Amino acid sequence: MQAVLQFPDLSPELFSISIFGMEFALRWYALAYIAGILIAWRLAVMAVNRPGLWPNDRPPMTAQQVEDLLTWIIIGVILGGRLGFVLFYQPGYYLQNPTEIVKVWQGGMAFHGGLLGVVLACWGYSRRHGLSLQAMADLVAHTVPPGLLLGRLANFVNAELWGRPSELPWAVIFPGQAAQNCPGVADLCARHPSQLYEAALEGLILGVLLLWLVYRRGALKRPGLVLGVFLAGYGLSRFVVEFFRQPDAQFVTPGNPLGLVWHTSGYGLTMGQLLSLPMIALGLWFLLRARRAT
């Protein structure tokens with residue numbers, strides 16, 4: 001067997017306590033959501049407190065309005081992420097088991113659905129308070145990558161959403177029967193740590209790029225630029241990682257081992273790639289519009 005890495009001895013739970021015979025646990029994934037939202041809030045407040053970053057030195061909203069918007073966004077992330085997972089990935093199962101939809105604690109959130117939830121939340125808040133939706137979108141966009149970074153690291157700790165089988169030196173032997181179900185592999189099955197690929201691309205690299213654009217290149221003075229970079233950057237990152245990520249089980253069949261939701265002659269797109277294409281196109285459109293406006 002090739003030299004690969006054993007999955008580290010990590011627990012999905014940070015700690016657990018028993019109260020009146022019931023177990024309550026703080027999981028790394030929940031902590032990632034909480035920390036990601038708090039970091040996004042502080043980044044947004046820091047940006048609106050620096051008028052020089054904005055056109056005509058006028059931030060689109062106050063720090064208090066950022067805090068109010070945060071509540072809307074949290075609701076949008078939870079509802080959008082859950083409904084996105086239900087509709088995009090397992091509509092048949094949840095149609096037969098509708099009571100399972102509300103059980104978010106069992107897992108099952110989709111980023112693209114969460115993004116739509118955030119868009120609707122920002123649109124609703126901007127309409128209610130007469131604020132610029134474009135400026136608000138730029139503000140929110142540059143705060144998202146830290147949450148993505150932490151979320152993907154939590155996916156790794158949970159030993160979920162792993163990649164396709166691999167013999168690369170950094171391939172990881174993930175625990176669990178599903179992770180070890182690799183047709184044609186007689187020994188232990190190692191896989192791409194695709195969660196870490198995503199953490200690096202859509203979290204760390206994209207996050208550093210956006211902060212550099214905002215604080216060093218005055219990107220917030222050009223409406224749509226930050227949003228365009230975020231949408232295109234995330235979409236491209238996710239599209240690339242899908243080549244290494246294990247396809248969703250519900251899309252895999254004997255005749256379609258790559259789990260392609262659209263394919264012809266052996267070539268096609270996974271659900272993640274299909275959902276990322278509109279993001280890339282929309283991001284490029286915002287970038288072109290921002291460039292023409294200058």
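As shown above, the structure is provided for reference.
Here is what the cut-offs are and how they apply
- Residues numbered from 1 in each chain as written.
- Predicted model: local features only at pLDDT ≥ 70, side-chain atom pairs only at ≥ 80, totals over all residues.
- Heavy atoms only, no water.
- Helix = DSSP H or I, 4+ residues; strand = E, 2+ residues; numbered from the N terminus.
- Buried < 20%, exposed > 50% of the residue type's maximum accessible area, 1.4 Å probe, protein only.
- Disulfide = S-S within 2.5 Å.
- Salt bridge = Lys/Arg side-chain N within 4 Å of Asp/Glu carboxyl O.
- Phe/Tyr/Trp six-rings, centres within 6.5 Å; stacked < 30°, edge-to-face > 60°.
- Lys NZ or Arg CZ within 6 Å of the ring centre and 35° of its normal.

Some remarks on unusual backbone geometry
Of note in the backbone geometry, Asn56 takes a positive phi value of approximately 60 degrees without being a glycine. By secondary structure assignment, the location of Asn56 is in the loop between helix H1 (28–48) and helix H2 (63–88). Notably, Asp57 is not glycine yet its phi reads approximately 55 degrees, a positive angle. By the element assignment, Asp57 lies in the loop between H1 and H2. We classify Asp57 as partly exposed; its relative accessible area is 49%.

Looking at the state of the cysteines
Within this structure, the stated rule accounts for one disulfide. Across a sulfur-sulfur distance of 1.9 Å, Cys182 and Cys189 are joined as a disulfide pair. Where Cys182 bonds to Cys189 through sulfur, the torsion about that S-S bond is close to -80 degrees, and the disulfide is left-handed. Residue Cys182 is classed as buried on the basis of its relative accessible area of 8%.

Here's the deal with the pattern of salt bridges
One pass over the full model with this rule turns up seven salt bridges. Between Lys221 and Asp57 there is a salt bridge, with its nearest N and O atoms 3.7 Å apart. Of this pair, Lys221 sits in the loop between helix H7 (194–216) and helix H8 (225–241) while Asp57 sits in the loop between H1 and H2, and the two are 164 residues apart along the sequence. According to the relative accessible area criterion, Lys221 is partly exposed, its value standing at 38%. With its nearest N and O atoms 2.9 Å apart, the salt bridge here joins Arg152 to Glu202. Taken together, the positions of Arg152 in helix H6 (residues 145–157) and Glu202 in helix H7 put the pair 50 residues apart, joining distant regions of the chain.

Some words on the packing of aromatic side chains
Scanning all chains against the criterion turns up 13 aromatic pairs. Ring geometry for Phe156 versus Phe174: centroids 5.8 Å apart, planes at 75 degrees, classification edge-to-face. A residue pair is termed long-range when its members are at least 10 positions apart, and Phe156 in helix H6 and Phe174 in the loop between strand S4 (172–173) and H7 qualify at 18 residues. On the accessibility criterion, Phe156 (12% relative accessible area) is buried. We classify Phe174 as buried; its relative accessible area is 1%. Counting every residue linked through ring pairs, the aromatic cluster contains Phe85, Tyr89, Tyr93 and Tyr94. Arg42 extends its terminal NZ or CZ atom over the ring of Trp41, reaching a point 4.9 Å from the ring centre.

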